[in-house]
Amino acid sequence: MNTNIRLDDSIVLKIRNICKHLQLDCDVCIVLSLAVLLGRIVIQDASASIVIFSDAYTEKQWNFRIEQLTKDMSCRELYQNIADGLKKQIKVDADIKLIIKDGTVEVNAENYFTDIVDLLTNYIETALTVLVSTLWDMDTTFISSLQFGMPQEGRISGKNSDYTDIGVLLQNNALLNWNQIAVERIYKRSEQDGFLVQTITYRELMGIAYNIAQELQIKRVSSASIIVTNGIELAVGIIGCIMAGCTYIPIDQNISGRQRTHHSVEEASTEGILYGAEIENIELIDLYKTKIRICMNECPDTPKWRIPTGNEKAYIIRSSGSMGTPKGIIISRNSLSNLVSWRLRQYPLNDIQSILQLLSWGFDGFYSDFFLGLCGGRRLIIPDPNLRTETSLFSFLKQREQAMMTSMVSSLFEYIVNSQTGLVKKLARVVLGGEKIRETSIQKAKELNPSMHIVNEYGPSENTIVSFVCDPISDENVNCIGKPIDGVYAYILDRMGQPVLPGVTGELYIGGIGLMEGYEGKEDNKFIRYGSEILFQSGDLVRQSEIGLIEFISIKDKYAKCFGHYVDMQAVEDLIKEQLPVRDSCVFCSSLSGKDNLIALYVADKNIPAEYLTKLPIPPFAIPADWQRVDKMIHTDSGKVDRLTMKDQYEQGVALHKDANNGVCDLEQVIETVYEMFRQIIPIPRSAICANFFDIGFKSLQLLKVFNKLTNKYPESIELIDLFEYTSISAISERIYNIIKARDGRCISK
């Protein structure tokens, strides 16, 4: 008998949406779906014109043009193959014939299908799901055009995005505050002098920025690095880029890791550079095609702005690199506009006269307050980079009459609360982020300044600075990151990629308008597809409370496996800070001894015996195997401990100590080590160790990278100029060998 199964209209609609990208019709999609589900074919490729099949049983391959898939005579073999698969699944002996037309599946058999219509319908629905999953694994662009199957279960969403273009916000606010002070610079002429102040009004700022924008447009610069020494020049450069629709790339030469500056310059595909009057690094400036000096000349009184439209790149910011090589994160103009518009709504500035900037402008968190101030008509106070955390600066600021708002990492806030009580009383609003805050610090801040408004913002740089907000934060919810901001949504998923229930810990995945466009010149390996959505994998473990707020648990990457157990290194580090008399600590995993061990470094006024670690409420396998006091921690410009650098320094120190004791460092070993460092920058053959650096493709910036590696491995051995005098791997290796041998005699010749 014949049995006609008419698919539900909703299923047909889903089929049509699936086929939209590949230009399939419904019947073709059903054929593909059933074939995949029944194991008769495996789709190996997907495009707009051809689908390639291979028979899972006979290993035969067929190439079909999609538009002929249900018409070509050769497809009869495929139809029969699918029918045989159905026959096998339902275990019948009768012959089955399959006809698919206009969304109807007609199955011809003798008296077998009367009672299994529902079963076959379920087969088709399941087949569609399998097909979609298969196509997603093949075509990375398919997801962007697919408007079907968007998961809603477990989705945590902020309000709908509602924003005004960043250029329009800047222009409108400047006109309202034309003669008011826009930016205040705090600086010193020398170490012995007192603090000096330089200001610029909105009229001057916008006028000079307009001159910069004109020059950028005339010279057709689409992206520009900004290298300056003070906040006024920085503001001029950034607003000039915004006016011109030019991507800006801020570079702070005072950040902790100088490698990051070189990454910013070398890897970003910038065409131009905006540089300040006091920049003296001519070699760096000469690397750029177009050079524009920021001149603080008299500006036109009423410049006529032309606000660019479209969703071009707004800026490229460098990640800290604390967990690997720094990456250039590309943020669109719409994403930045959404963030600034949301912050203007979230943080009324009625009682705020100025916004204090204590973050590095190489850190993206700087720009959330930067644009809030300039788009909100407030005075931006930007100390010079070398003064940001100077104790005397805080004493100078506490004399101000104005109520201030500021953003800072939690460790700096704790320091100010404990040692700069005068400044605490001047802070009307503090936005925290970057790391956990202690309950006692919140309590003490509230005791000193009961009216202080304390907020916690959370978000990876890859999602335009801020993704979640907990407003306000108190000593009862210090681990809370709150709810998504406008235009942002998130999922908390388990290891199988399924949503977890409230109260259950899972990994946080973030999506929405703030999602970056990608990494500069790198693959987007932290993106995942979830249904029809693209999400960023944060690497953070969180859970949702009963009232819907998100609580931060720990960073997934900070787990180490020691003695067969997983250890939360962040939790161990937090316990050390809380229960031992240390100012700072860093815990990481090292395999230098041949097996994975926890290592703990700490900063304190005096040595702390290792047995103190055994008193911590942690299991024996989580007690660090080595416990060393250091003079200071190296931090990224975002204020976080630079774990990779601290780990490298620890392991290099141990390695050098072993070399000195064992006398195993010989000239051949030095040559091999130096060769490996050069090869990491440019893949060169072993035969090139005697060749001139410059003849085999090395340039000045690449030699700087090599120099950083060499001085980390062999401290106090060579100077930068040596690389230009000993211009081959063999020559510089012999130079290093001789210096170390003369210094401590620990190198030997074979």
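Just so it is clear, the model here is predicted, and its values are computed rather than measured.

Colleague: Please explain the packing of helix α6 (residues 166-176) against helix α12 (residues 365-375) as it appears in this structure.
Modeller: Relative orientation of the contacting elements α6 and α12 amounts to 45°, with a least axis distance of 8 Å. If you check the angle between α6 and α12, you find them oblique. Here α6 contributes Ile-166, Leu-169, Leu-170 and Asn-173 to the contact with α12, which in turn contributes Phe-371, Leu-374 and Cys-375. Of the residues in the contact of α6 with α12, the class split is six nonpolar, one polar and no charged.

Colleague: Explain the packing of aromatic side chains here, please?
Modeller: Working definition: an aromatic ring pair is given by the centre-to-centre distance plus the angle between the planes. For the coordinates displayed, the defined rule picks out 15 aromatic pairs. A ring pair is formed by Tyr-367 and Phe-370, whose centres lie 6.0 Å apart and whose planes are at 65°; its orientation type is edge-to-face. Taken together, the positions of Tyr-367 and Phe-370, both in helix α12 and three residues apart, correspond to about one turn of that helix. A ring pair is formed by Phe-370 and Phe-371, whose centres lie 5.0 Å apart and whose planes are at 90°; its orientation type is edge-to-face. Looking at Phe-370, the relative accessible area reads 0%, which means it is buried.

Colleague: Mind showing me how you'd approach the packing of α6 against helix α11 (residues 333-346) here?
Modeller: Direction vectors running N to C along α6 and α11 enclose 45°, while the axes themselves pass 8 Å from each other. By the angle class used here, α6 and α11 are oblique. Each of Ile-166, Gly-167 and Leu-169 in α6 lies in contact with α11, whose residues at this interface are Arg-333, Leu-336, Ser-337, Val-340, Ser-341 and Leu-344. Its residues placed into classes, the contact of α6 with α11 shows five nonpolar, three polar and one charged.

Colleague: So what exactly am I meant to see when it comes to the sheet that holds strand β31 (residues 584-590) here?
Modeller: Taken together, three strands build an open sheet; the order of strands is β31-β32-β33 and the sheet is mixed. Of all strands in the sheet, those with a lone pairing partner are β31 and β33 (626-629), marking the two edges. With strand direction ignored, the average angle separating the axes of adjacent strands in the sheet is 20°. In the sheet, β31 pairs with strand β32 (residues 597-603) via seven bridges, with the strands oriented antiparallel. Residue Phe-588 lies in a different strand from β32, and its bridge partner there is Ile-599. Sitting on the sheet, helix α17 (residues 569-579) touches β31, β32 and β33, and the angle it makes with β31 is about 150°.

Colleague: I keep staring at the nonpolar core and nothing clicks. Help me out?
Modeller: Side chains of nonpolar character tend, in soluble globular proteins, to be buried together. The biggest cluster of nonpolar side chains holds 85 residues, and the ones touching the most others in it are Val-183, Tyr-367, Phe-371 and Leu-374. With 10 residues, helix α8 (residues 231-244) is the largest single contributor of residues to this core. Sequence-distant contacts of Val-183, that is, excluding residues within four places in its chain, are made with Gln-198, Thr-199, Ile-200, Leu-205, Gly-231, Ile-232, Ala-235, Leu-374, Leu-380 and Ile-382. Phe-394, Leu-412, Val-424 and Val-430 belong to the second largest nonpolar core, which has 28 residues in total.

Colleague: Could you clarify how one ought to interpret the state of the cysteines in this entry?
Modeller: Throughout this description, disulfide means a covalent bond between two cysteine sulfur atoms. For the coordinates displayed, the defined rule picks out zero disulfides. Looking at Cys-470, it has no disulfide partner, and the nearest cysteine sulfur is the one in Cys-480, 3.6 Å off.

Colleague: Looking at this model, I keep getting lost on the side chain of Asp-486. Mind explaining?
Modeller: Take Asp-486: it is sitting in the loop between β22 (480-484) and β23 (488-493). Polar side-chain contacts of Asp-486 include one of 2.7 Å to the side chain of Arg-345. Other than its neighbours up to four places away in sequence, Asp-486 contacts Lys-159, Asn-160, Asn-338, Trp-342 and Arg-345.

Colleague: Before we go on, may I ask you to explain unusual backbone geometry in this structure?
Modeller: What you tend to see is this: most non-glycine residues have negative phi, and most peptide bonds are trans. For the bond from Asp-471 to Pro-472, the omega torsion is 0°, close enough to zero to count as cis. If you trace the backbone, Pro-472 turns up in the loop between β21 (468-470) and β22. With a phi angle near 55°, Arg-220 is a residue other than glycine that sits in the positive phi range. Using a relative accessible area of 74% as the deciding quantity, one classes Arg-220 as exposed. Here Ile-465, not a glycine, exhibits a phi torsion of approximately 75°, which is positive. Looking at the secondary structure, you find Ile-465 in the loop between β20 (453-458) and β21. A relative accessible area of 9% means that Ile-465 is categorised as buried.

Here is what the cut-offs are and how they apply
Residues numbered from 1 in each chain as written. Predicted model: local features only at pLDDT ≥ 70, side-chain atom pairs only at ≥ 80, totals over all residues. Heavy atoms only, no water. Axes fitted to C-alpha atoms, helices over the stretch in contact; angles between N-to-C directions. Helix = DSSP H or I, 4+ residues; strand = E, 2+ residues; numbered from the N terminus. Parallel < 35°, antiparallel > 145°, perpendicular 65-115°, else oblique. Contact = heavy atoms within 4.5 Å. Nonpolar A, V, L, I, M, F, W, Y, C, P; charged D, E, K, R; others polar. Phe/Tyr/Trp six-rings, centres within 6.5 Å; stacked < 30°, edge-to-face > 60°. Buried < 20%, exposed > 50% of the residue type's maximum accessible area, 1.4 Å probe, protein only. Pairing = 2+ DSSP bridges. Core = buried A, V, L, I, M, F, W, Y, C linked by side-chain atoms within 4.5 Å. Disulfide = S-S within 2.5 Å. Polar contact = N/O pair within 3.5 Å; in protein donor to acceptor, adjacent residues only side chain to side chain.

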